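Examination of the molecular architecture
This is what each chain is made of:
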Amino acid sequence: GVRSAVAQARARGARVLVLRGPPAGLVPREVEELFRNLRELKARGHTIIFIDHKLEEVLAIADTITVLRQGRTVATVDPAEVTAHELAELMVGSELPTPSTEARVADDHVTLAVRDLSVLDESDRPTLDRVSLDVHRGEIVGVAGVEGNGQGELIEAILGLRQTSGG
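1. Remarks on the overall build of the protein
Helix and strand content of the protein: five helices and six strands. In the protein, the succession of α and β elements from N to C terminus is α-β-α-β-α-β-β-α-β-β-α. Relative to its length of 167 residues, the protein is extended, with a C-alpha radius of gyration of 23 Å against a globular reference of 15 Å. Principal-axis analysis of the C-alpha atoms places the extent of the protein at approximately 65 × 45 × 30 Å. In the protein, which comprises 167 residues, the proportion classed as buried is 25%.

2. With respect to the pattern of salt bridges
This structure, assessed with the given rule, holds seven salt bridges. Put simply, Arg-130 and Asp-129 hold a salt bridge, and the shortest N to O gap is 3.1 Å. A relative accessible area of 56% means that Arg-130 is categorised as exposed. For Asp-129, a relative accessible area of 45% corresponds to the partly exposed category.

3. Some details on helix H2 (residues 28-43)
The end-to-end C-alpha distance of H2 is 22 Å, a good match for the 22 Å that 16 residues give at a rise of 1.5 Å each. Within H2, burial applies to Glu-30, Val-31, Leu-34, Phe-35, Leu-38 and Leu-41. Each buried residue of H2 lies within a common arc of 140° when the element is viewed along its axis, so the set occupies one face. Residues of H2 that are exposed and angled more than 90 degrees away from the buried face: Pro-28, Arg-29 and Ala-43. Just past H2, the residue Gly-45 takes up positive phi, approximately 100°.

Quick notes on the rules
- Residues numbered from 1 in each chain as written.
- Predicted model: local features only at pLDDT ≥ 70, side-chain atom pairs only at ≥ 80, totals over all residues.
- Heavy atoms only, no water.
- Helix = DSSP H or I, 4+ residues; strand = E, 2+ residues; numbered from the N terminus.
- Rg over C-alpha atoms; globule rule 2.2 N^0.38 Å.
- Buried < 20%, exposed > 50% of the residue type's maximum accessible area, 1.4 Å probe, protein only.
- Salt bridge = Lys/Arg side-chain N within 4 Å of Asp/Glu carboxyl O.
- Expected span 1.5 Å × (residues − 1).
- Arc of directions from axis to C-beta.

Given below as structure tokens:
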């Protein structure tokens, strides 16, 4: 992982480290430990190039931020003088829409009803087994789970892109 790569670089006497963000599986405590190690290396004179798309992490660790778009430098900024929103706008090249702050309340109108939806895999084993849910007007529904546990099949079945075996 990243920690062993950093340790190897230190052991070999590397003066420049190029890292591509913390692995997705690290918990916040582990990310902070990694950042503490990087700050120690910086204090000892190492140069660190940290490539990441998580803007809050970039703001937390970088002394200087360079934004690339389509392989070209579009800006170099001081993290103390820029926000994550401003970085995102530099990344996409235009002003981002401002999310609506007006209150929205879900009502009783059912926009989508799924009843006993089942999907079989290539071996005729269920990847979805009698899934039911209602989505009401004005409601946001999140489907969570470990990757590969039926989320993709659920979306594809709802969109009509995957054959169902029931429901």
